[in-house]
Amino acid sequence: KAGVTQTPRYLIKTRGQQVTLSCSPISGHRSVSWYQQTPGQGLQFLFEYFSETQRNKGNFPGRFSGRQFSNSRSEMNVSTLELGDSALYLCASSRDLQETQYFGPGTRLLVL
Amino acid sequence: QKEVEQNSGPLSVPEGAIASLNCTYSDRGSQSFFWYRQYSGKSPELIMFIYSNGDKEDGRFTAQLNKASQYVSLLIRDSQPSDSATYLCAVIRGGSARQLTFGSGTQLTVLP
């Protein structure tokens, strides 16, 4: 069974731009969670989607948003990028809410 | 107090020794506990999960959970240089915000 896939794998943007990241979960998994990982802050929860609805949200500003489609694929968007948004963005899928999560390879975003 | 605390290390052990990684959590209602391994530049990879008090063994890995002490640990027997990585403890908290919360990770180095 194919694992979680994320695109793109690497991205370079400039301040003020916006970015959209994509995540395809493991087949049969209905829940998708997003995390931001930086050396200073570690792994921080952004949001979780299940059945196209956001079920949980972390403490991030409104510039960070996401959505989930009917096929469980998910996208996250960051608007008005700041230098501090440079990070590894990880997507994880699980069969159901609060079940074991499996991570994708991540998208490494660099904001210049 | 952090919700999930780990000793950041680095922890160094000689090859063949037992590596002991510890994690404490603050929410007494937490119900599910996970250990992930993350190699440098890679995404977290699930090693084990544990739900009940006691020990759970899988190959060279043993997870130990003590809910009364709010403590979970991971033992790695016969440590190998390939075990050198950052180990992340994660907890699904109880209550309405049942999101997966990660510790900051313990960096383990196994010396040949």
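Quick summary incoming for the structure in this document. (Residues numbered from 1 in each chain as written. Chains lettered and ligands numbered in written order. Predicted model: local features only at pLDDT ≥ 70, side-chain atom pairs only at ≥ 80, totals over all residues. Heavy atoms only, no water.)

Concerning the nonpolar core
Part 1: Formed by 23 residues in total, the largest nonpolar core has its most connected members in Trp35, Val72, Leu74, Ile76 and Tyr87 of chain B.
Part 2: Within the residue set of this core, elements represented by two or more residues are strand 3 (19–25), strand 4 (32–38), strand 5 (45–50), strand 7 (61–66), strand 8 (71–76), strand 9 (85–92) and strand 11 (106–111) of chain B.
Part 3: Beyond its immediate sequence surroundings of up to four residues, Tyr87 of chain B is in contact with Gln6, Leu21, Trp35, Tyr36, Arg37, Ile47, Leu74, Ile76, Gly105, Thr106 and Leu108 of chain B.
Part 4: Leu11, Ile26, Phe47 and Phe60 of chain A belong to the second-largest nonpolar core, a separate cluster that totals 21 residues. (Core = buried A, V, L, I, M, F, W, Y, C linked by side-chain atoms within 4.5 Å. Buried < 20%, exposed > 50% of the residue type's maximum accessible area, 1.4 Å probe, protein only. Helix = DSSP H or I, 4+ residues; strand = E, 2+ residues; numbered from the N terminus. Contact = heavy atoms within 4.5 Å.)

Remarks on the interface of chain B and chain A
Part 1: Taken together, the contact between chain B and chain A spans 18 residues of the former and 16 residues of the latter.
Part 2: Together, the buried faces of chain B and chain A total about 1300 Å²; carbon and sulfur atoms form 55% of this surface.
Part 3: Our count for the contact surface shared by chain B and chain A stands at zero salt bridges.
Part 4: Contributing elements (two or more residues each) for the side of chain B that touches chain A: strand 4, strand 5, strand 9 and strand 10 (100–102) of chain B.
Part 5: When residues of the side of chain B that touches chain A are assigned to their parent elements, the largest contribution, three residues, is made by strand 4 of chain B. (Buried area = accessible area lost by both parts, 1.4 Å probe. Salt bridge = Lys/Arg side-chain N within 4 Å of Asp/Glu carboxyl O.)

All quantities given are derived from atomic positions and should not be read as evidence of function.
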